[in-house]
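In case you want the letters, here they are:
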Amino acid sequence: MNDVLLSVENLSKGFSSGARQVAALDNVSLTIAPGETLGLVGASGSGKSTLSRILLRLLSADAGSIRFEGVDWLALNGASLRRRRARMQIVFQDPLAVFNPLASVGAVLDDPLRIHGVVAKDRRPGEIAMLLERVGLPADYAGRPVRALSGGQRQRVAIARAIATRPSLLVLDEAVSALDVTVRGRILELLVDLQKEQGIACLFISHDLAVVRAVSHRIAVMDGGRIVETGPAAALVAAPQSDAARALVAAVPRLATDPC
Ligand SMILES: Nc1ncnc2c1ncn2[C@@H]1O[C@H](COP(=O)(O)OP(=O)(O)OP(=O)(O)O)[C@@H](O)[C@H]1O
């Protein structure tokens, strides 16, 4: 049994904007075990989204390596990358930026089932109904246009779409940041339930340490393109070691005073 699902080693990525060079990622290393949630927290511009985009193969790295499910992830291309992409899925902050807002919920969920051949064509409507039910939406929502849903409902559809291909890793990039507090709580509960039930590992990316603390087993703190601290979630919040982690704890008064 392999106890490492994802292993990132010395990943670096620079951007040049005009004469300025930005090290968005500077020798980043981390691991995620099967079924584990690693929270990735850091101030705006610390490199979180750059890491998620490289993981999802939406952006290339300058240096470093990624092993995912025992495979050299950055070496995959063509059909082998398409096939394996089903195993790592992402939920973004704003599903409308990714989905066609005019599409029906059913069409949004049918796409990954068809593209990745998850189930035979005649079983896809039943699978869509099951996915909707799993994320707490009535099956008849399949006929509704995505744009007619609330923010929380859209995020449930985004999660249903992400789990449709039966991934082993979900990358959640500020996935609850745009939601109001009550809806956010319900979506976090759904994510924790799904994880327990299906053993999916999560990389939970957020600038909000309180949210990350609520769902993560371990937390990694990013600052200026580097991971400056990693540790068990409760211990890291109770006794942050780095300036960046201390600043994030201090930014959430409830965390600073509550030893969890
Ligand atoms: N395409 C790009 N071109 C130039 N610079 C970029 C580009 N993408 C990211 N950067 C820079 O890289 C650094 C890291 O950005 P990134 O978006 O990864 O941070 P982040 O932690 O996700 O921030 P946020 O929470 O605000 O999304 C920032 O300085 C950003 O300005």
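Quick notes on the rules
Counting from 1, residues in each chain are numbered in the order their sequence is written. Given that this is a predicted model, residues contribute local features only at a pLDDT of at least 70 and side-chain atom pairs are listed and counted only at 80 or more, while totals for whole chains, interfaces and linings are drawn from all residues. Water and hydrogen atoms play no part in the side-chain values, which are based on all heavy atoms of the structure. UniProt positions are given in the numbering used here, feature names are shortened, and annotations may be inferred rather than shown by experiment. Helix and strand definitions follow DSSP, with helices as H or I runs of at least four residues and strands as E runs of at least two, each counted in order from the N terminus. For the exposure calls, accessible area comes from a 1.4 Å probe over protein chains only, and a residue counts as buried if that area is under 20% of its type's maximum, exposed if over 50%, partly exposed in between. None of His or the chain ends enter the tally, which takes Lys and Arg as positive and Asp and Glu as negative. Any carboxyl oxygen of Asp or Glu within 4 Å of a side-chain nitrogen of Lys or Arg constitutes a salt bridge here. Here a polar contact is taken to be a pair of N or O atoms separated by no more than 3.5 Å, where protein atoms must pair a possible hydrogen donor with a possible acceptor and residues adjacent in sequence count only if both atoms sit in side chains. Residue contacts are counted whenever heavy atoms from the two residues lie within 4.5 Å of one another. Between any two strands, at least two bridges found by DSSP are needed for them to pair. Structural elements are reduced to axes, namely lines fitted to C-alpha atoms, with helices fitted over the stretch in contact, and the angle between N-to-C directions of any two is expressed from 0 to 180 degrees. Only buried Ala, Val, Leu, Ile, Met, Phe, Trp, Tyr and Cys residues count toward a nonpolar core, and they belong to the same one when joined by side-chain atoms within 4.5 Å. Residue ranges labeled as domains rest on an automatic or database domain assignment. In this description, buried area is defined as the sum, over both parts, of the accessible area (probe of 1.4 Å) that is lost when the two are combined.

- The name that an unreviewed UniProt entry assigns to the protein chain is Peptide ABC transporter ATP-binding protein, with the source organism given as Rhizobium anhuiense.
- Of the comments in the UniProt record for the protein chain, the one headed Sequence similarities (unreviewed entry) reads "Belongs to the ABC transporter superfamily."

Regarding unusual backbone geometry
- Of note, Arg57 is a non-glycine position whose phi angle comes to about 65 degrees, a positive value.
- Phi angles above zero are rare outside glycine, and Glu69 is one such case at about 50 degrees.
- Residue position: Glu69 is located in the loop between β4 (63-68) and β5 (71-72).
- Looking at Glu69, the relative accessible area reads 26%, which means it is partly exposed.

Some remarks on the UniProt feature "domain: ABC transporter" (unreviewed entry) in the protein chain
- Mapped onto this structure's residue numbering, the UniProt feature "domain: ABC transporter" (unreviewed entry) falls at residues 6-249.
- Secondary structure content for residues 6-249 is 37% helix and 27% strand, and the end C-alpha separation is 27 Å.

Some details on the side chain of Glu174
- Mapping Glu174 onto the fold places it in the loop between β7 (169-173) and α6 (181-198).
- In this structure, Glu174 is buried with no salt-bridge partner, the nearest side chain bearing the opposite charge being Lys48 at 4.4 Å.
- Within the structure, the side chain of Glu174 is placed 3.1 Å from the side chain of His207, a separation counted as a polar contact.
- The contacts of Glu174, once residues within four sequence positions are left out, are Lys48, Gln93, Ile205, Ser206 and His207.

Quick look at the sheet that holds strand β3 (residues 37-42)
- The strand order across the open sheet formed by six strands is β6-β7-β8-β3-β9-β10, and the pairing between neighbours is mixed. The two strands at the open ends of the sheet, each matched to only one other strand, are β6 (88-91) and β10 (226-232). Ignoring which end each strand starts from, the neighbouring axes of this sheet average 20 degrees apart.
- Judged from the five bridges that link them, β3 and strand β8 (residues 201-206) form a sheet pairing that is parallel. By the bridge assignment, Val41 is partnered in β8 with Ser206.
- Relative to the sheet, helix α5 (residues 151-164) contacts β6 and β7, its axis offset from that of β6 by approximately 175 degrees.

Some details on the nonpolar core
- In this structure, Val157, Ile159, Leu172, Phe204, Ile219 and Val221 are the most contacted members of the largest nonpolar core, which totals 51 residues.
- In this structure, this core is formed jointly by two domains, domain 1 (1-87 + 171-260) and domain 2 (99-166), each of which donates at least three residues.

Focus on the domain arrangement of the protein chain
- Segmentation of the protein chain into domains returns domain 1 (1-87 + 171-260) and domain 2 (99-166).
- Each of domain 1 and domain 2 has a C-alpha centre, and these two points are 25 Å apart.
- Across the boundary between the two partners, domain 1 contributes 16 residues, which contact eleven residues of domain 2.
- Three residues stand out in domain 1 for area buried against domain 2, namely Ala86, Ile187 and Leu190, and they jointly supply 40% of the buried area on that side.
- At the junction of domain 1 and domain 2, the tally comes to one salt bridge.
- Put simply, domain 1 and domain 2 have four residue pairs in polar contact (both at pLDDT 80 or more) between them.

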